[in-house]
Amino acid sequence: MSATSPGLHLSSTGSYPRVGDTAELQVLRRTIAALDRGERTTADILDAENEMTRRAIADQVKAGLDIVTDGQIRWYDPISHFAAKLDNVQIKGLLRFLDTNFYFRQPVVTGKPARRGTFVVNEYSFARNALGHLPTPHDKAGKLAIKPVLTGPYTLAKCSLSEPSGNGSGESATSLEGRALAYAEALAAEIAALAQTGAELIQVDEPAVIKYPEDWAIFERALAPLTAARDKVASAGRKLELALYVYFHDCAPLYEKLVALPVDIVGLDFTYNPELADQIAAEGSPKPLGLGLVDARNTRLEDPEVIAWQIERLLPKLKGERAYVGPSAGLEYLPRDRAFAKLELLSKVRDAIKGTKRAAS
Amino acid sequence: MSREKLEQLGLKLPLFPTTSVGSFPKPDYLVKARGEFNKHKISESQLRELERKATAFWIETQEKLGIDVLVDGEMYRGDMVAYFAERMPGFTEGGLVRSYGNRYYHKPVISGEVEWPGPVTVDWWKYAQSLTKKPVKGMLTGAYTIMDWSFNEHYSDRRSTAMALAAVIRKEVEALIAAGCKIIQIDEPALSVRPEELPIAIEAMDATAKGLDAYFVTHACYGAFEYIYPGMLDLAVDNFDLEMSNSDLHLLELFRSHPFTKDISFGVVDVHTHALEDKDAVRRRVEQALTILPKEQIWVDPDCGLKTRTVEEAIDKLRLCVAAAKAFRN
């Protein structure tokens, strides 16, 4: 592919199922259940998480992806995985995550959220190491990359509540914007730490903003510390790109605003509006896009030829003819066998594009 | 008015009728039996016998507590969508999908034309109703929610999926009515997840219930109702069963902005906490309801199904509902 479409990358969009149907793919689920019964320790959980993380990475590589993630195997959910690591935040009851039938634990901010350590740096280091231990496919030498994923400050804030403790420490975090800015500060430090560890591409997920566009100004202000952190890394001579991903709602109405943001890549979910591709084909994009053309919420497998056709007409319209083709969202909303089939589909799409190029030449 | 409809159906209910949302906790012997059945250690008839025993227990318990409109407690069900999907041609069992934390479920897949397999819930309703003279609700899951909580590999889009399911659920509604059921609850907990799809949910409920001779209730919970109110009042039901207490009654503010035109089953106890609310706090919730809604429109029940509580906790919470309703009747 690199000879024909050097800017086309097959990319994960984040999560991957933590369990499958066979006993060996149930190791994490069973170990957690055994821990609850007092029959295992947290060290056993770590072992099981490590094993399932390695498997998630191996599946992505086997399917032919260029940019993989750790599958977010260790995440209880996309919200509390971050908020629980902050001081002055309590993790409370279950709430539905956006329009899914998946539930997250809601953080309640009682004071200014304060960072007491890293969020995903250790997970990223482990994953990078795990990727390094896998045999590299012959056509991927020097091209495989792993990206860490962060939930963005606005989505974290929108999914949280504030209950000031009354001692005055929470004054700034009582509003949605206060929470978003406090989370942003913590995430900006994480971006610096990830860059220090070697990350060159970081995905920031902000699904809530396309569902609640009335909060756009707050979202934009909360994004600023993250892009500033990237700029600081870049000014020190390191390569670092931020990819902002949105999903679980129609993003077409906000398309122009999204691609004008000071991020390097914008990842879009194409499954909520069949006209989004037409819009991009007509308007083009001033930056590379993540093309979420494979439905991460339904088991039906798409026709690779149709997706290949979409990519062929969109790619020339994107800045640098660079695109990251992947699922419309993380894959953990699908059963594991279907999640893998969706990844394999990406390779079939690439093959279909290669075939067209060969035929044309 | 819905009260007139109830009377036309021959149902004489007191003011502030008490009811339940649907599920009750399964007694320990039934939980154990379900596990043994899954491991093929007991037969289906042995499991059914224990489900009937547990159903009889809950009917008797509700009668003793003085509940007005009873439910069978769903002793025979696991998941509210999978229960129907497992019995409906057109569905296949999907692989495991996470619902939260370390909880997973087999999410159904619509892989062909959905069809009504014949009565699914009618025998259970008949059995429960045979144990009491009080009305027992028929309990179904709505087409929109079944669509939203299933994978779809057959229909072209979400609307056509919901409409195909609505045609099937309507047959079950007709079968319940033919059996003598007069109050039918059609749950739509997914109602508010995509506010832009409210017209689909309304169209599907029309196709399920409109023109049929019963008093219809729908239950919705965990919802972002601010995005679908007052449009949701167009749903073809007589009564909305809503989770009010868990959200600190914030829905009442919405009802101030636009009158609530249907009956309401007003959740007065939180089902997500083991703690039993203070009797006065529950009474105050009804008082709050009365600041917005006429007394003739208000039913009293818990926020949601009680299946995640212990048997004792569930009974205590139901007792609180009855006490609150009785206090206002007097």
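Residues numbered from 1 in each chain as written. Chains lettered and ligands numbered in written order. Predicted model: local features only at pLDDT ≥ 70, side-chain atom pairs only at ≥ 80, totals over all residues.

1. Section: the overall build of chain B
Along the backbone of chain B there are 11 helices and 11 strands. Over its C-alpha atoms, taken along the principal directions, chain B stretches across nearly 50 × 45 × 45 Å. A total of 330 residues make up chain B; the buried ones form 48% of that total. Within chain B, contacts between residues separated by at least 24 positions form 78% of all contacts whose residues are at least 6 apart in sequence. (Helix = DSSP H or I, 4+ residues; strand = E, 2+ residues; numbered from the N terminus. Buried ≥ 20, exposed ≤ 12 C-beta atoms within 10 Å, placed from the backbone. Contact = placed C-beta atoms within 7 Å.)

2. A short note on the sheet that holds strand E1 (residues 8-10) of chain A
All names here are of chain A. Taken in spatial order, the seven strands line up as E1-E12-E11-E10-E9-E8-E6 in an open sheet, and their pairing is parallel. The open sheet terminates on both sides in strands that have one partner only, identified here as E1 and strand E6 (149-151). Adjacent strand axes in the sheet meet at a mean angle of 25 degrees, parallel and antiparallel pairs treated alike. Judged from the four bridges that link them, strand E10 (residues 265-269) and strand E11 (residues 289-294) form a sheet pairing that is parallel. In the sheet register, Val-266 faces E11, and the bridge partner there is Leu-289. Taken strand by strand, helix H11 (residues 304-314) contacts E1, E11 and strand E12 (323-327), and its axis lies near 160 degrees from that of E11. (Pairing = 2+ DSSP bridges. Axes fitted to C-alpha atoms, helices over the stretch in contact; angles between N-to-C directions.)

3. Side note on the packing of helix H10 (residues 279-290) of chain B against helix H11 (residues 311-329) of chain B
Residue and element names in this part refer to chain B. Closest axis-to-axis distance for the H10/H11 pair is 9 Å, and the angle between their directions is 55 degrees. One element, H10, and the other, H11, form an angle in the oblique class. In the packing of H10 onto H11, the handedness of the crossing is right-handed. Contacts from Lys-279, Val-282, Arg-283 and Val-286 of H10 reach H11 at Leu-320, Ala-323, Ala-324, Ala-327 and Phe-328. Here the residues of the contact of H10 with H11 sort into seven nonpolar, no polar and two charged. (Parallel < 35°, antiparallel > 145°, perpendicular 65-115°, else oblique. Left-handed = near helix turned anticlockwise from the far one by under 90°. Nonpolar A, V, L, I, M, F, W, Y, C, P; charged D, E, K, R; others polar.)

4. Quick look at the nonpolar core
Core analysis: the largest hydrophobic core is formed by 108 residues, its most contacted members being A:Leu226, A:Val246, A:Leu291, A:Ile311, A:Ala323 and A:Val325. Tallying contributions element by element places helix H6 (residues 176-197) of chain A first for this core, with 11 residues. The contact partners of A:Leu291, leaving out residues within four places of it in the chain, are A:Leu268, A:Phe270, A:Ile311, A:Leu314, A:Ala323, A:Tyr324 and A:Val325. Listed in part, the 93 residues of the second largest apolar core include B:Ala33, B:Trp58, B:Ala143 and B:Ile186. (Core = buried A, V, L, I, M, F, W, Y, C linked by C-beta atoms within 7 Å.)

5. Considering helix H8 (residues 198-209) of chain B
Since one α-helical turn is 3.6 residues long, residues separated by three or four positions face the same way. All names here are of chain B. Given a rise of 1.5 Å per residue, 12 residues ought to cover 16 Å, and the 16 Å separating the end C-alpha atoms of H8 matches this to within 8%. For H8, the complete set of buried residues consists of Ile-200, Ala-201, Ala-204, Met-205, Thr-208 and Ala-209. Around the axis of H8, the buried residues are gathered within 140 degrees of arc, so they sit on the same side. Each element contacted by the buried residues of H8 is listed here: helix H6 (143-148), helix H7 (158-179), strand E7 (183-187) and strand E8 (215-220). Of the residues trailing H8, Gly-211 is marked for its positive phi of about 80 degrees. (Expected span 1.5 Å × (residues − 1). Arc of directions from axis to C-beta.)

6. Considering the interface of chain A and chain B
Often, the extent of an interface is quoted as the loss of accessible area upon association of its parts. Between chain A and chain B, the contact holds 26 residues from the first and 19 residues from the second. If you list the elements that add at least two residues to the side of chain A that touches chain B, you get helix H1 (27-36), strand E3 (86-96) and helix H12 (336-360) of chain A. Among the elements that take part in the side of chain A that touches chain B, E3(A) stands out by supplying four residues, more than any other. Here the residues of the side of chain A that touches chain B sort into 11 nonpolar, four polar and 11 charged.

7. Topic: the environment of A:Ala182
Positionally, A:Ala182 belongs in helix H6. Remark: the alpha-carbon pair of A:Ala182 and A:Ser160, spanning 22 residues in sequence, is separated by 12 Å.

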